[in-house]
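Letter by letter, the chains look like this.
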Amino acid sequence: MLRIHFTDGDLARVHLAREPDPVWETLLGLHQLTAPRRGLPVFALWRRSARARLAEDHLAGPVRMLSALAPASAGYWPDFLTPGASADGLETALEALQATPQLQLRQEMNRLADTHPLPRWAHRLARGERNRMEEVATAFRLVHRTIITPDWTGTARTTEADRALRTRVLLDRGVHGLLDSFRPLMDWRPPVLHVRYPEDRDLHLGGRGMRLIPSHFCWNTPIALADPTLPQVLAYPVAHPPAWAPAVTHDRRPEALATLLGRTRARVLAALDTTATTGELAQRLNISAPSASEHVAALREVNLTHSQRAGAQVIHTLTPLGTALLHGELPPHPPAG
């Protein structure tokens, strides 16, 4: 269990990442490809295409390098791999990575060496050979470009769906409601957030606040930085609808959706382009609350909407599949044969 202790100052400095974090997604995506366990079905299609792209010879070295520094089988990787500057994009993050203070680099690499044997180049990295750090940055760029960039839109959709939900809860119920909305993944018992974690420790934020990072490739367990003195972040897994997508027309006209779903359910889908409670949805569409609830439930059954309780309310959002269907952005259906 990880216990994160908040002060009033920390609660005022909690914020959500505005988009998927490129370095976290790169490392966690690589874990989904290299973890010594059976692959998760929700990533099956992505995994097949990503592995095909990684098969090119020039990518073997970068994959080995990042896998040695952030092994999927270990419970630790150095914090310098996920600098706070990643909030401003990959290149800003890699500039910060290459500027890692020597003391931090040596301490974190020594801790990594205690968990598993390291190759020779990693020991030279720990001694401060700057060209080795440049090689790490290059490896990040190549792996990110190969396994993350091609599906960045899909990654952004799943994280944005979660962000929309959390933002709505934050507006309605404040920071306490936001932290409470992570049940059962995390348990908010003010002033401590209890997080399921592979180790038992306490983290005191001390007024620095925390950046919450919804992650497409994080799975089952949130991840915090190991060094409690750094500005703190918490990457956490988002909900994933099944990867299945029906073969439907890409016509964006409202009547096309009405033909597919029925006129009222098409209106419900469109109305959920922004989050809503059942009552708000009923008001938007001028229908009864039971009717709104029934239509949302039908859309939820086919993974077009997602509902989550936040306190006394149930908040409805579109799933990535629902957003793609509403905006005519489903991928082409592959030909038979």
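Fair warning: this is a prediction, and the values are worked out from it, not measured in the lab. (Residues numbered from 1 in each chain as written. Predicted model: local features only at pLDDT ≥ 70, side-chain atom pairs only at ≥ 80, totals over all residues. Heavy atoms only, no water.)

Student: Could you clarify how one ought to interpret the overall build of the chain in this entry?
Tutor: A tally of helices and strands in the chain yields 14 helices and eleven strands. Sorting the 337 residues of the chain into buried and exposed places 49% on the buried side. Here the analysis covers contacts within the chain between residues at least 6 apart in sequence; of these, 69% occur between residues at least 24 apart. Summing over all exposed atoms, the chain offers an accessible surface of approximately 16000 Å²; the carbon and sulfur share of this is 54%. (Helix = DSSP H or I, 4+ residues; strand = E, 2+ residues; numbered from the N terminus. Buried < 20%, exposed > 50% of the residue type's maximum accessible area, 1.4 Å probe, protein only. Contact = heavy atoms within 4.5 Å. Areas by Shrake-Rupley, 256 points an atom, 1.4 Å probe, with all protein chains shown as cover.)

Student: Explain the environment of arginine 166 to me, please; I cannot follow it from the model alone.
Tutor: For arginine 166, the position within the fold is in helix H9 (residues 152–180). When its relative accessible area of 6% is taken as the criterion, arginine 166 is described as buried. Expressed as a C-alpha distance, the spacing of arginine 166 and glycine 177, which sit eleven residues apart in the sequence, is 9.1 Å. When sequence neighbours within four positions are dropped, the list of residues in contact with arginine 166 reads Leu16, Leu178, Ser181, Phe182, Tyr236 and Gln308.

Student: Can you walk me through the sheet that holds strand S11 (residues 313–318) in this structure?
Tutor: Strand pairing in a sheet takes place through backbone hydrogen bonds and is either antiparallel or parallel in direction. With antiparallel pairing, three strands are arranged side by side in an open sheet as S9-S11-S10. Pairing within the sheet leaves two strands with one partner each, and these edge strands are strand S9 (276–277) and strand S10 (305–310). Two elements, S9 and S11, share two bridges in a ladder whose sense is antiparallel. The residue of S11 that forms the bridge with threonine 277 is isoleucine 315. Contacts between H9 and the sheet are confined to S9, S10 and S11, with S11 contributing the most and set at about 150 degrees to the helix. (Pairing = 2+ DSSP bridges. Axes fitted to C-alpha atoms, helices over the stretch in contact; angles between N-to-C directions.)

Student: I'm lost on helix H4 (residues 60–69) in this one. Help?
Tutor: Residues separated by three or four positions in an α-helix point in the same direction, a consequence of the helix having 3.6 residues per turn. Buried residues of H4: Pro62, Val63, Met65, Leu66, Ala68 and Leu69, and no others. Residues of H4 that are buried sit in contact with helix H2 (22–34), helix H3 (44–54), helix H6 (102–113), helix H7 (120–126) and helix H8 (130–148).

Student: Mind showing me how you'd approach the pairing of strand S8 (residues 232–237) here?
Tutor: Consecutive side chains of a regular strand alternate in pointing toward one face of the sheet and then the other. Where burial is concerned, most of S8 is hidden: six out of the six residues are buried. Here S8 shows a buried face lined by Gln232, Leu234 and Tyr236 and a second buried face lined by Val233, Ala235 and Pro237. Here strand S6 (residues 210–215) pairs with S8 via six bridges, running parallel. Looking at the pairing, methionine 210 lines up with glutamine 232 of S8. Bridging between strand S7 (residues 223–224) and S8 involves two bridges; their strand directions are antiparallel. Paired with alanine 224 across the strands is leucine 234, a residue of S8.

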